[in-house]
Amino acid sequence: MKLVERHVITKNHPFWSEIDHKAFLSKNLFNLANYYYRQYFFTNKKKLNFTELYHQVSKSSDYQALPTKVSKQIISRLDRCWTGYFSALKEWKKQPSKFLGKPKIPKYKHKTCMPKYSAISR
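Now for a look at the structure at hand. (Residues numbered from 1 in each chain as written. Predicted model: local features only at pLDDT ≥ 70, side-chain atom pairs only at ≥ 80, totals over all residues. Heavy atoms only, no water.)

## Describing unusual backbone geometry
Here K45, not a glycine, exhibits a phi torsion of approximately 55°, which is positive. Its place among the elements puts K45 in the loop between α1 (16–44) and α2 (50–57). Given the relative accessible area of 60%, K45 is considered exposed. (Helix = DSSP H or I, 4+ residues; strand = E, 2+ residues; numbered from the N terminus. Buried < 20%, exposed > 50% of the residue type's maximum accessible area, 1.4 Å probe, protein only.)

## As for the nonpolar core
Counting 18 residues, the largest nonpolar core has L29, Y37, L53, V57, L78, W82 and Y85 as the members making the most contacts within it. Counting only elements with at least two residues in this core, the list comes to α1, α2 and α4 (68–94). Setting aside its immediate chain neighbours within four residues, W82 contacts N34, Y37, R38, F41, I105 and P106. (Core = buried A, V, L, I, M, F, W, Y, C linked by side-chain atoms within 4.5 Å. Contact = heavy atoms within 4.5 Å.)

## Description of the environment of S26
Turning to its location among the elements, S26 is positioned in helix α1. Distance in space between the C-alpha atoms of S26 and S76 is 13 Å, their sequence separation being 50 residues. Non-local contacts of S26, meaning those with residues more than four positions away in its chain, are made with L66 and I74.

## Considering the environment of F50
With respect to the helices and strands, F50 occurs in helix α2. Between the alpha carbons of F50 and L78 there is a distance of 9.5 Å; along the sequence they are 28 residues apart. The residues touching F50, leaving out its near neighbours within four places in the chain, are K72, I75, S76 and D79.

## Quick look at the pattern of salt bridges
All told, the structure shown has 2 salt bridges when counted by the stated rule. For the salt bridge of D79 with K47, the shortest nitrogen-to-oxygen distance reads 2.9 Å. Taken together, the positions of D79 in helix α4 and K47 in the loop between α1 and α2 put the pair 32 residues apart, joining distant regions of the chain. Taking the relative accessible area as the measure of exposure, D79 reaches 13% and is therefore buried. When the shortest N-O distance is used, the salt bridge between E91 and K98 registers 3.1 Å. Among the residues examined, E91 registers a relative accessible area of 26% and is labelled partly exposed. Take K98: its relative accessible area is 52%, and that puts it in the exposed class. (Salt bridge = Lys/Arg side-chain N within 4 Å of Asp/Glu carboxyl O.)

## As for the packing of aromatic side chains
Applying the stated rule across the entire model yields 10 aromatic pairs. Judged by centre distance (4.7 Å) and plane angle (5°), the ring pair of Y37 and W82 falls under stacked. Of this pair, Y37 sits in helix α1 while W82 sits in helix α4, and the two are 45 residues apart along the sequence. Like Y37, the residue W82 is buried in the burial classification. Between W82 and Y85, the aromatic rings sit 5.8 Å apart at their centres with planes inclined by 80°, giving edge-to-face as the arrangement. (Phe/Tyr/Trp six-rings, centres within 6.5 Å; stacked < 30°, edge-to-face > 60°.)

## Topic: the packing of α1 against α4
Running from N to C, α1 and α4 point in directions that differ by 40°, and their axes come no closer than 10 Å. Looking at the two axes, α1 sits oblique to α4. Between α1 and α4 lies a crossing whose hand is right-handed. Where α1 abuts α4, its residues S26, L29, F30, A33, N34, Y37, R38 and F41 lie against S71, I74, L78, D79, W82, Y85 and F86. Taken together, the residues of the contact of α1 with α4 break down into 10 nonpolar, 3 polar and 2 charged. (Axes fitted to C-alpha atoms, helices over the stretch in contact; angles between N-to-C directions. Parallel < 35°, antiparallel > 145°, perpendicular 65-115°, else oblique. Left-handed = near helix turned anticlockwise from the far one by under 90°. Nonpolar A, V, L, I, M, F, W, Y, C, P; charged D, E, K, R; others polar.)

Structural measurements only, silent on function.
Have a look at this one:
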């Protein structure tokens, strides 16, 4: 069993602006890493190594503005998204009838989309 404590932070909460800024930085880091991944995929038609991706984005300001543990987690989450894409594509080639359509590559997160609230879980 996993215990989770959830805090709902509304816009009038004193920590709203700080949390919103960190969420914005994490979205930017995700999109930057996804850009590098997509460019590598379009040119080489294969999966980018996590270590190579890490070295490409680790010098960016968004990566350095967040704690290292958080930044690495964002990159590893993107890596899992791409791994899922490749496994779905492989399965789709074997049995296309199991899918509604061809799997699509992971997309960018919306540039300015803001959530109604931020929830922090511990």
